Amino acid sequence: MSDQTYATPVPQSSPPQRDYSAFDADLTGQAFNFQLFARLLRWLRPYRLTVAFSLLFILLAAGLAVMLPVVTGLVVIDNILRPESVSGEEPDFGMTELTYLISDVSGYTPLIAACILYLAMVTAQAGIMYLHRITLASSVLKALRDLRVDLFSTLEDKPSSFYDRVAVGRVMTRVTNDIESLNELLTGFGMLVGEFVPFFVALFLMGAISPSLTLIVLFAIPIAAVATYFFRMAMRDIFRLIRNSVSALNQYLQENLIGIQVVQLSGREGMNEEHYGRLNHDNRRFEFQAINYETLYHSFNESLASIAIGAIIWFGGGQVVQDEITLGAMILFIQLITMMIMPIVGLGEQFNVLYRAMASGERIFQAIDWDERLKEPEHPVELPPRLRGEIELRNVHFGYNKGEPVLKDVSFNIRPGEKLAIVGPTGSGKSTIIRLLARFYDFDDDMIFLDGIDLNQIRSRDLRRRIGVVLQDFHIFSGTVRDNIMLNNPDISPQQAEQAARTVNADGFIRQLADGYDTHLAERGQNLSQGQRQLLAFARVLAADPEILVLDEATASIDTATELVIQDALHKLTEGRSSIIIAHRLQTIQECDRILVLHHGVVREFGTHEELIKKQGIYYTLHELQFQDGAIAAELAGADTEEADSPVEQQADDDDDGTPPSMREPDSF
Amino acid sequence: MPNGAHRQAQSAQYAGTAPRGKQGSFRDLGHLRRLFPYIRHYRGPLVITIIGFFLIRFFDGTVPLFIKSAVDSITEGEPSLMLPALGIFAVVTCRYLLFVFSRRLMRRISIALSYDLRKRLYRHVQKQGPSFFNKYSTGDIMSRSINDINLVRRLVAFAWVTIMTFVFSVSIALIFMYSLSPSLTLFVIPPLPVVALVAFKMSRTLFPYVREQQIAMGQVTSYVQENLNGIRTIQAMSQEEVEIQRFSTVSTEYADLVFRATRFRAMMNVVMPLMTTALPVIIIGYGGSLVISGEISVGTFTAFFSYLLMLTGPVRMIGMTLSNLTTGAAGTARLFEVLDYEPEIRDQPKANVPASIEGHLQIKGLSYSYPGANRSALENISIDIEAGETIAFLGRVGCGKSTILKSLVRLIDTPEGTVLLDGHDIRDYPLGRLRQDVTLILQDPFLFSDTLRLNVTYDDPSRMDEPIWTATDAASLSASIREFPMQLATIVGERGITLSGGQKQRATLARGLIRKAAVLAMDDCFSSVDTETEEEILAGLKRLRKGKTTLLISHRVSTARHADRIFIIDGGRIVESGSHAELLRKGGYYADLEAIQSNQDQDRQRKAKLLHDLVE
Ligand SMILES: Nc1ncnc2c1ncn2[C@@H]1O[C@H](COP(=O)(O)OP(=O)(O)OP(=O)(O)O)[C@@H](O)[C@H]1O
Ligand SMILES: Nc1ncnc2c1ncn2[C@@H]1O[C@H](COP(=O)(O)OP(=O)(O)OP(=O)(O)O)[C@@H](O)[C@H]1O
Ligand SMILES: [Mg+2]
Ligand SMILES: [Mg+2]
């Protein structure tokens with residue numbers, strides 16, 4: 001993790017302290033980042049053929065779309081309705097000949113032939129548009145599916161140090177909402193292409209008919225560009241603010257849903273509603289600000305078309321009168337104007353999407369690029385098919401944060417097949433040892449060894465397959481009971497799962513559930529009791545049949561009777577397997593060969609039960625506290641203050657606090 | 001980790017509220033009715049926008065008239081171009097101002113509406129009990145509050161406006177067209193209702209597609225949410241590959257559903273323009289012949305083409321509009337599915353409850369079974385707890401201990417008259433006050449990703465330092481906090497992830513103790529705490545809780561021993577009760593437990609016998 005500084009200088013090779021704030025607040029959301037777009041194309045590449053077809057289709061459809069006003073303007077009005085005015089110079093892309101050809105072949109009048117041509121082109125255009133839409137959707141959806149899965153897999157690989165700092169809600173929106181806005185972007189982009197093609201075709205056509213009139217139309221473009229520029233300036237911050245507020249809303253909601261019972265029991269509903277209301281209000285405020293600019297800008301662009309029409313009538317009309325262009329050409333101009341302005345309006349429309357998508361892309365790639373990984377060995381050592389189960393910790397120093405050592409010079413070893421107990425006050429670093437052993441965090445080389453191999457030389461996944469850890473803060477997933485034990489691991493058969501459940505004495509209660517092993521558990525196993533959940537988490541590890549078993553308070557919420565049954569079953573099961581058992585209840589560790597007492601990250605005592613009892617140290621105190629009656633315990637605790645940081649001596653004084661004797665039998669509050 | 005079966009169950013559950021299958025029905029769009037009460041709130045601005053959009057369309061309708069007069073003046077050989085051009089400029093300016101005004105207003109309404117809905121959803125969800133949260137996962141609710149509300153918003157901002165403008169455009173265009181050439185107009189009208197009907201039918205068919213797509217989105221959200229919350233478990237079990245595989249399936253499924261919906265939309269977008277093609281063809285064919293026969297001018301012919309845009313523009317859009325409408329309807333349906341869920345716990349306080357609480361608790365014949373469970377969690381529990389008494393519950397895993405404590409604070413819905421506080425049914429107390437006077441510390445320690453200070457004083461953040469330190473002292477947490485560089489300002493990570501198990505548990509303990517409630521219920525609050533610290537806490541509690549009712553659950557005899565009376569629960573019933581000494585004398589379950597827990601060095605045989613006794 002971070003640079004650790006200890007009293008005794010220890011060689012450290014840790015990565016620098018990271019700045020996670022990027023995950024909390026949003027990125028600055030710089031303007032268009034084309035690099036981002038180029039990266040996105042990487043995911044489209046496998047589907048490039050479909051994309052190419054889709055673009056081809058849109059080009060075709062767009063070409064046809066421009067031909068429609070050509071038919072009405074140049075063919076119908078100029079040639080058929082006002083044949084006297086034909087100059088024969090307008091580029092009509094052969095539409096006139098085509099019309100007369102149809103008329104000749106079919107024998108209908110040119111007017112009807114024009115209708116037939118028009119109809120045919122509309123039909124073709126619609127059909128091609130359909131093909132364009134589905135090819136585009138298919139490739140974009142597949143590409144984004146791939147991106148989503150890729151993003152998800154990088155998240156699966158992020159180490160614990162990452163999730164210690166970054167809230168799930170924040171990362172989650174990247175996999176869900178942000179990908180969705182990329183979808184909007186890519187689909188919208190296809191549409192934009194579809195609008196810009198007619199723009200250029202129309203521009204060419206207009207230029208050929210009347211360059212001067214075309215210039216007037218083109219005048220709209222810088223105006224639109226200036227408007228767009230101002231809009232962008234105005235919106236720059238607002239978009240970021242909006243997305244920040246949405247993100248905050250989501251994060252707040254998610255956490256409140258998970259902790260809903262605490263919220264309700266603390267009577268915080270009102271206050272939280274107010275807080276959520278404030279976040280919601282901020283969101284509304286920014287949205288309101290955004291639409292102020294948005295409507296001004298958008299409506300302006302829409303009006304451009306009509307203004308251009310006015311200009312065409314003014315100037316174009318004059319040209320018609322002077323016979324510079326035909327009436328049909330002027331009308332063609334009027335009809336094409338809409339097509340010219342459309343992409344500009346469309347750009348404005350797409351602008352929101354584009355902007356949002358750029359920022360989303362940034363967030364997605366930020367998560368993908370976040371290179372926080374566990375150190376994996378370059379030349380991993382393959383573990384032998386059968387482990388001896390010898391574990392050694394040599395002068396382990398570790399801290400989660402710079403300057404806050406948690407483990408200080410911890411050394412001990414576990415012999416093959418040995419059962420080691422770790423005891424110690426809360427926060428002394430017991431779970432931390434386990435987290436290192438399972439390689440949840442990075443640590444220096446040559447500190448921990450498994451069968452004589454440096455742990456850092458083993459791939460973390462290989463290691464975790466061999467070491468089964470019942471975590472102190474386990475997680476139950478929604479799904480069936482069986483799924484929770486098997487965790488969808490194809491190597492575990494349902495029989496093995498049930499066998500594991502029997503080992504931890506969970507079979508009984510599971511069978512009594514509504515659907516037995518197929519009973520659906522709600523999120524986090526809410527419809528089970530805490531002890532039942534813990535049993536499942538325990539069974540899950542046993543089902544994977546690990547060679548080394550690590551139990552971190554695995555029976556803390558389990559009653560003594562059940563625990564005895566488990567101990568009995570485990571006894572047979574772990575014969576010859578090394579195991580580590582962490583427990584506060586000494587009851588739990590009775591079967592262990594040796595006991596390690598950890599205190600403030602330092603190994604204070606290490607030996608067999610008899611040795612430690614003889615030593616009369618911390619373990620002895622704990623033992624007396626638990627196994628003898630309270631009076632002796634209190635006495636012992638009082639006498640033992642220099643060993644334990646948290647003295648219990650006031651208990652002795654409390655005995656004469658004036659409680660009526662009836663309330664004190666045997667030792668009431 | 002929603003699996004296949006779960007997903008099916010989920011889909012089936014939505015199926016309850018609306019017909020499924022490819023054939024939609026008119027009722028689907030009827031979901032939109034549910035929005036009326038919310039929209040009604042803004043009826044003033046709505047009426048204004050309607051007028052605004054009407055005027056806009058009217059202005060739009062005049063533009064072709066200007067074009068016509070210009071064209072006609074040219075064909076007649078006496079061009080007057082200035083007037084039409086200026087006319088267009090004037091109209092455009094007015095239209096622009098109106099448009100900005102109306103559109104802004106409309107979108108403000110949509111934003112305000114989504115604000116209202118989101119607020120309502122939040123408030124509603126906060127009131128829910130266990131059966132609701134068993135049914136709707138966090139990811140699911142979040143998906144509704146984000147995606148579905150956005151759909152509704154888009155519906156109000158765009159779909160609704162487009163429909164209004166559709167009606168105005170079509171009617172205004174037809175009126176102007178009629179004034180120019182009645183006969184040509186009559187030819188144009190017949191295709192219109194056909195187009196509208198087809199559009200409507202198609203959008204109905206779209207509904208199930210959209211709905212499926214929404215459900216799939218909810219699944220993607222839930223999947224990611226749950227997976228990331230359980231990431232440590234997955235990594236510890238080395239199941240990342242499997243999870244990625246499964247996520248890939250879920251995502252593919254979602255992509256497929258979106259594709260199906262898109263394909264259908266694309267089809268609508270083909271059919272709609274095709275159907276409107278009849279109109280320009282009629283104008284070219286019939287209109288053209290009218291021009292040739294001299295019945296209408298070229299200007300009129302041109303104007304008709306411009307009006308055609310007013311007619312077909314919205315008709316072309318109608319596919320998209322109606323699909324927005326349908327999507328909005330699907331979103332509305334999903335929102336109201338949640339909003340219609342009645343909270344199981346109702347806050348209906350009565351006036352006659354005492355102002356201050358003594359702490360006398362009575363449970364009378366309480367039986368309870370969780371919704372959806374096939375066995376009852378509690379059966380005929382009767383306990384009378386005097387004010388100031390200390391009570392302990394012991395029992396096997398899943399025997400119902402936590403359920404008893406939950407019943408005291410109405411986290412579960414108990415029948416009337418079964419739980420009494422100071423002689424009054426707990427249902428008669430205002431819920432907030434009940435939970436204030438009876439403080440339950442939950443078994444599952446949950447902390448918010450905030451500072452320790454705000455976590456400890458969660459119920460009332462305005463507290464000063466002193467009561468906070470008093471509470472952390474009582475929970476034996478102060479020493480640990482002083483070791484943190486940031487002290488009380490330490491941020492604990494999501495769900496307290498950066499604290500040790502015991503630190504987390506003691507933080508939740510402090511959060512409960514700070515309330516100094518008349519009744520304190522601690523659900524196995526020392527399971528992750530070492531014995532020494534526990535003894536220290538218990539000793540402190542003994543002082544703090546003197547004369548106040550205290551209930552606790554524990555698996556350790558050494559903890560239970562401190563209570564005045566101890567109840568042994570098994571299978572939801574009370575099987576033994578009495579003081580520590582009484583129960584020891586009785587020689588039952590408790591005595592066995594005590595024997596096992598207090599004597600480590602017993603011989604194996606005796607343990608085996610005890611074990612046998614305990615397990616039956
Ligand atoms: N992810 C983390 N980031 C920062 N600090 C941590 C993190 N996890 C634990 N700590 C700190 O490290 C210390 C040791 O924690 P650890 O979880 O190892 O204790 P423990 O011995 O298992 O205690 P318990 O018996 O309460 O579970 C504690 O002070 C804790 O606050
Ligand atoms: N929300 C729920 N929905 C359905 N069944 C539930 C729910 N919560 C608990 N149960 C069931 O009710 C029974 C009693 O649960 P409870 O939580 O009261 O047990 P407990 O005595 O507290 O057990 P533990 O010692 O494990 O905490 C258990 O069998 C459990 O499976
Ligand atoms: Mg721990
Ligand atoms: Mg419980």
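To keep things clear, this report deals only with the structure shown in the data block. Given the structure is predicted, the values throughout are model-derived calculations rather than measurements.

Considerations on the site of ligand 2
- Taken together, 19 residues lie around ligand 2, and Ser-529 and Gln-532 of chain A together with Lys-401, Ser-402 and Thr-403 of chain B are the ones closest in.
- Per-site note: the chains with residues close to ligand 2 are chains A and B.
- One of the backbone nitrogen or oxygen atoms of Gly-531 of chain A is found 2.7 Å away from an oxygen atom of ligand 2.
- Measuring from an oxygen atom of ligand 2, one finds a backbone N or O atom of Cys-399 of chain B at 3.2 Å.
- Protein contact buries 94% of the 630 Å² of open area that ligand 2 shows by itself.
- Elements that contribute at least two residues to the shell around ligand 2 include exactly helix H18 (530-543) of chain A together with helix H14 (401-408) of chain B.
- Its residues assigned to classes, the shell around ligand 2 shows five nonpolar, 13 polar and one charged.

With respect to the pattern of salt bridges
- A full pass over the atoms with the stated rule returns 41 salt bridges over all chains.
- Salt-bridge contacts for Glu-534 of chain B lead to Arg-556 of chain B; the nearest nitrogen and oxygen are separated by 2.4 Å. Highlighted residues: Glu-534 of chain B in helix H20 (residues 531-544) and Arg-556 of chain B in the loop between strand S8 (549-553) and helix H21 (557-560), separated in sequence by 22 residues.
- Of the residues examined, Arg-556 of chain B reaches a relative accessible area of 5% and is grouped as buried.
- If you follow the salt bridges from partner to partner, you end up with Arg-482, Glu-498, Asp-507, Arg-511 and Asp-518 of chain A in one network.

Thoughts on the packing of helix H4 (residues 95-106) of chain A against helix H5 (residues 110-157) of chain A
All names here are of chain A.
- Following both chains from N to C, one finds H4 and H5 inclined at 115°, their axes separated by 8 Å at the closest point. The pairing of H4 with H5 is recorded here as roughly perpendicular in orientation. Considering only the axes of H4 and H5, their crossing is right-handed. Of the residues in H5, those touching H4 at Met-95, Leu-98, Thr-99, Tyr-100, Ile-102 and Ser-103 are Pro-110, Ala-113, Ala-114, Ile-116, Leu-117 and Met-121.
- Of the residues that constitute the contact of H4 with H5, the class distribution is 10 nonpolar, two polar and no charged.

Focus on the sheet that holds strand S7 (residues 519-523) of chain B
All names here are of chain B.
- Reading across the sheet, the six strands line up as S6-S7-S8-S3-S9-S10 and stay open at both edges, with mixed pairing between neighbours. The two strands at the open ends of the sheet, each matched to only one other strand, are strand S6 (438-441) and strand S10 (573-578). Each strand of the sheet is rotated relative to its neighbour by a mean of 15°, with strand direction disregarded.
- The strands touched by helix H19 (residues 501-513) within the sheet are S6 and S7, with S6 carrying the most contacts at an inclination of about 175°.

Examining the interface of chain A and chain B
- Each side of the interface is counted separately: chain A has 193 residues, and chain B has 180 residues.
- Counting each side, the surface lost to burial between chain A and chain B is near 17300 Å², with a carbon and sulfur contribution of 63%.
- Here chain A and chain B share six salt bridges between them.
- Salt-bridge contacts for Arg-461 of chain A lead to Glu-241 of chain B; the nearest nitrogen and oxygen are separated by 2.6 Å.
- Looking at the side of chain A that touches chain B element by element, the count peaks at 33 residues for helix H11 (residues 269-321) of chain A.

What counts, and where the lines are drawn
Along each chain, the written sequence defines residue order, and numbers are assigned to residues from 1. Chains carry letters and ligands carry numbers; both start at the beginning, A for chains and 1 for ligands, and go up in the order they are written. For this predicted model, a pLDDT threshold of at least 70 governs which residues receive local features, and a threshold of 80 or more governs which side-chain atom pairs are given and counted, while totals over whole chains, interfaces and linings are taken from all residues. Each side-chain value is worked out from all heavy atoms of the structure, with water and hydrogens disregarded. If even one non-hydrogen atom of a residue comes within 4 Å of a molecule or strand, that residue is called near it. Counted as a polar contact is a pair of N or O atoms within 3.5 Å, where, for protein atoms, one must be capable of donating a hydrogen and the other of accepting one, and residues adjacent in sequence contribute only when both atoms are in side chains. Reported accessibility uses the Shrake-Rupley method at a 1.4 Å probe radius. Residues are deemed covered only where the shown protein chains occlude them. Helical segments are the DSSP runs of H or I of at least four residues, strand segments are the runs of E of at least two, and each set is numbered from the N terminus. Note on residue classes: Ala, Val, Leu, Ile, Met, Phe, Trp, Tyr, Cys and Pro are nonpolar, Asp, Glu, Lys and Arg are charged, and everything else, Gly too, is polar. A pairing counts as a salt bridge when a side-chain nitrogen of Lys or Arg comes within 4 Å of a carboxyl oxygen of Asp or Glu. For the exposure calls, accessible area comes from a 1.4 Å probe over protein chains only, and a residue counts as buried if that area is under 20% of its type's maximum, exposed if over 50%, partly exposed in between. Orientation is described by axes fitted as lines to C-alpha atoms, over the contacting stretch for helices, and by angles from 0 to 180 degrees between their N-to-C directions. For classification purposes, an angle smaller than 35 degrees is called roughly parallel, one larger than 145 roughly antiparallel, one from 65 to 115 roughly perpendicular, and anything else oblique. For a crossing to be left-handed, the near helix must be turned anticlockwise from the far one by less than a right angle; the clockwise case is right-handed. Here, two residues are considered to be in contact whenever any of their heavy atoms come within 4.5 Å of each other. In short, DSSP must find at least two bridges between two strands for them to pair. When two components associate, each loses some accessible surface as probed by a 1.4 Å sphere; the sum of these losses over both components is called the buried area.

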